[in-house]
Each structure stands twice: as C-alpha cells, then as structure tokens.
Amino acid sequence: MNTHSMNTLHTGRVMPIIGIGTWKLDEPEKAIESALSLGYPMIDTSGDYGTQPGIAQGLERSGILRGEVYIVTKVEEDEDAYQSAKRNVGELGIDSADLILIHRPPEEGVGERLWEGLMRARQEGITADIGVSNYSTGQIDKLIAASGEVPVVNQIEWSPFGHSEDMRTYCADKGIIIQAYSPLTRHTMLDDARLGSIARAYGKSPAQIVLRWNLERATVPLPKASKPEHQRENIEVFDFELSERDVETINALNKHYSALGDRLQYI
Ligand SMILES: NC(=O)c1ccc[n+]([C@@H]2O[C@H](COP(=O)([O-])OP(=O)(O)OC[C@H]3O[C@@H](n4cnc5c(N)ncnc54)[C@H](OP(=O)(O)O)[C@@H]3O)[C@@H](O)[C@H]2O)c1
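Quick summary incoming for the structure in this document. (Residues numbered from 1 in each chain as written. Predicted model: local features only at pLDDT ≥ 70, side-chain atom pairs only at ≥ 80, totals over all residues. Heavy atoms only, no water.)

1. Observations regarding the side chain of Q52
Link 1 in the chain: Residue placement: Q52 occurs in helix α2 (residues 52-62).
Link 2 in the chain: For Q52, a relative accessible area of 0% gives the class buried.
Link 3 in the chain: Those residues in contact with Q52, other than ones at most four positions away along the chain, are T45, S46, G47, T73, N88, E91 and L92. (Helix = DSSP H or I, 4+ residues; strand = E, 2+ residues; numbered from the N terminus. Buried < 20%, exposed > 50% of the residue type's maximum accessible area, 1.4 Å probe, protein only. Contact = heavy atoms within 4.5 Å.)

2. Focus on the pattern of salt bridges
Link 1 in the chain: Scanning the entire structure with this criterion turns up 16 salt bridges.
Link 2 in the chain: A salt bridge links R13 to D129, with the nearest nitrogen and oxygen atoms 2.8 Å apart. Taken together, the positions of R13 in the loop between β1 (6-8) and β2 (14-16) and D129 in strand β7 (residues 127-133) put the pair 116 residues apart, joining distant regions of the chain.
Link 3 in the chain: Judged by relative accessible area, which is 36%, R13 ranks as partly exposed.
Link 4 in the chain: Residue K74 is joined to D44 by a salt bridge in which the shortest nitrogen-to-oxygen separation is 2.9 Å. Of this pair, K74 sits in strand β5 (residues 70-75) while D44 sits in strand β4 (residues 42-44), and the two are 30 residues apart along the sequence.
Link 5 in the chain: A residue is classified by how much of its surface remains accessible, and D44, at 3% relative accessible area, is buried.
Link 6 in the chain: A single network of salt bridges, built from pairs that share partners, joins D48, E76, E77 and R104. (Salt bridge = Lys/Arg side-chain N within 4 Å of Asp/Glu carboxyl O.)

3. What about the nonpolar core?
Link 1 in the chain: I43, L59, I100, W115, L118, W158 and I209 are the most contacted members of the largest nonpolar core, which totals 64 residues.
Link 2 in the chain: When residues in this core are grouped by element, the largest group, six residues, is from helix α8 (residues 206-216).
Link 3 in the chain: Those residues in contact with L59, other than ones at most four positions away along the chain, are I32, L36, I43, I64, V69, I71, L92 and I94. (Core = buried A, V, L, I, M, F, W, Y, C linked by side-chain atoms within 4.5 Å.)

Pasting the structure below:
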C-alpha cells in the first residue's frame with residue numbers, strides 16, 4: 001500500500017485510498033500546493049466550502065497534471081444538481097470532476113431528482129462517477145430502487161470513536177466505498193489514552209494510527225490539515241501496519257461519537 005494505491009469502484013474506474021479534506025481551509029491555494037507536493041493523490045471539496053477557486057489556483061501552481069490528482073466535489077440538497085455540478089467544475093478550473101456527490105439527503109424523499117441531475121452530469125462528461133454523502137443504508141436502498149443506479153461512494157463521518165459495522169457490511173455487499181470524513185474527529189478525541197498507548201507502541205502519532213486504521217479496513221480517510229506539518233504527518237502512514245489485534249482494539253473504541261453533533265447522521 002502506498003499513495004499510488006487505488007480502490008476499484010463498481011464502475012471499474014479507480015479512486016485513491018487517501019485524500020485531503022478542504023473544509024475551512026483558510027488559504028486553500030497554499031494548502032493545496034503544499035498537499036500536492038507531499039503526494040496527496042485526492043482532494044475533497046464542495047460547492048459550499050468556498051474553497052474551490054483556491055483549489056483551482058493551488059492545482060495550477062503545483063504544476064501537477066490533471067490526471068495525477070483525483071477531485072471530488074458535492075452538490076447541495078436544495079440545488080439543481082446538474083447546474084451545480086457544472087458550476088463546481090468551472091470553479092475548480094477543470095473540464096470534469098472524478099466524482100460528484102449529493103452532499104446530504106434532502107428533507108423530503110432521498111434525492112431522486114438530484115440523482116437524475118448527477119446522472120445527466122455524468123452522461124455529459126461533467127463527472128466520471130457519482131455518489132452520495134451522509135446517507136443511511138435505508139436511504140441508499142430507496143435511491144437505488146428509484147433509479148437502478150448504485151452510488152460508488154458514501155462519504156460519512158467515520159472514526160474509531162464513531163463508525164458502524166452495519167454500514168460497512170452494507171457498503172461491502174453493494175460495492176460502495178466508504179469515504180471517511182472528519183477522520184481525526186476534528187482533533188477532539190486524539191488525546192484518548194487507549195489510542196495514545198497504541199500510538200506509542202508503534203512510535204506514531206494518534207492521528208497516524210487513526211488514518212492507518214482506515215487504510216487497513218479499506219475505508220478512505222480525508223483528513224483536513226492546513227498546517228504543512230500536519231499534512232506531512234497524515235500522509236506518512238505507509239511505513240507501518242497495525243496488527244489484527246490492535247485493529248480490533250481500535251474498532252472497540254466505537255461509541256457512535258460525532259465531532260459534528262449529537263450523533264452520527266447515518267445511524
Ligand atoms: N460530506 C460531508 O458532509 C463532510 C462533513 C465534514 C467534513 N467533510 C470533509 O472531510 C474533511 C475532513 O474533516 P474535518 O475537516 O471535519 O475534520 P478532521 O480532518 O477530522 O480534522 C481537521 C482538524 O484536525 C487538525 N489536524 C490535522 N492533522 C492533524 C494531526 N496530525 N494532529 C493533530 N491535529 C491535526 C487540523 O488542523 P490544521 O488545519 O490546523 O492543520 C484541523 O483542525 C473536510 O475537510 C471535508 O473535506 C465532509
């Protein structure tokens with residue numbers, strides 16, 4: 001496993017196994033230039049983060065070829081998905097995205113019209129693949145029943161302290177890849193003593209243990225970091241492996257914790 005390793009999506013296309021998050025990046029152009037120089041193979045953004053124009057600048061400054069970085073963006077639940085997809089790609093300064101997600105299910109229904117808009121965007125080459133974010137298994141079932149189209153990804157909050165075995169099994173059965181957002185719990189749980197003791201045993205930081213735990217279980221972490229030292233630490237996770245026993249111990253830290261609210265949105 002390394003930064004060039006890929007997951008194969010059920011459409012046959014491939015997606016990197018780690019990416020950089022960009023929510024609340026103050027200077028996205030600088031942060032993206034730095035992340036790309038460190039070898040991050042994927043960028044996660046959204047129309048509502050306000051970071052897309054900065055990401056476009058960072059991409060340009062980096063000199064990295066478009067084909068060498070995988071770009072994920074999202075459309076909002078109250079938008080026209082097709083128009084929003086076009087606008088996002090324009091803001092990113094690219095011809096097409098690799099993956100566009102419905103950011104969250106709308107209050108009414110499960111986003112059938114949004115999904116149609118994204119299917120049209122894909123047909124017109126605005127994105128290669130389409131997926132969802134913050135969906136429960138029941139909501140994905142309904143979306144598939146309405147459209148016959150299985151999302152390639154469900155991007156959800158996912159950390160050792162908040163994850164779901166039911167969701168993991170469901171996604172594995174359907175060939176859906178879980179992208180882990182807020183994988184570092186917005187650093188609220190990185191000082192957990194049990195995590196700390198595992199980190200010490202490997203000579204790694206708690207953040208690196210959490211990211212490696214994702215990699216070992218084939219979930220795709222999207223850590224956000226503006227500080228170059230954090231960016232470096234978070235990508236230096238390919239020179240060690242967790243033992244099965246330690247993966248089990250980390251799994252057991254689960255208490256359905258959410259760094260964003262009271263509970264995980266998809267449970
Ligand atoms: N689909 C959705 O609804 C959704 C929701 C939330 C997030 N996301 C995506 O997921 C990405 C990541 O989630 P997030 O931004 O909520 O939280 P996160 O990645 O869990 O945590 C980011 C925070 O951790 C700090 N950090 C980074 N590396 C660290 C390290 N090695 N040691 C200690 N602290 C470290 C960062 O500091 P510095 O920035 O100061 O370096 C930042 O304050 C987002 O940026 C976004 O792209 C998607």
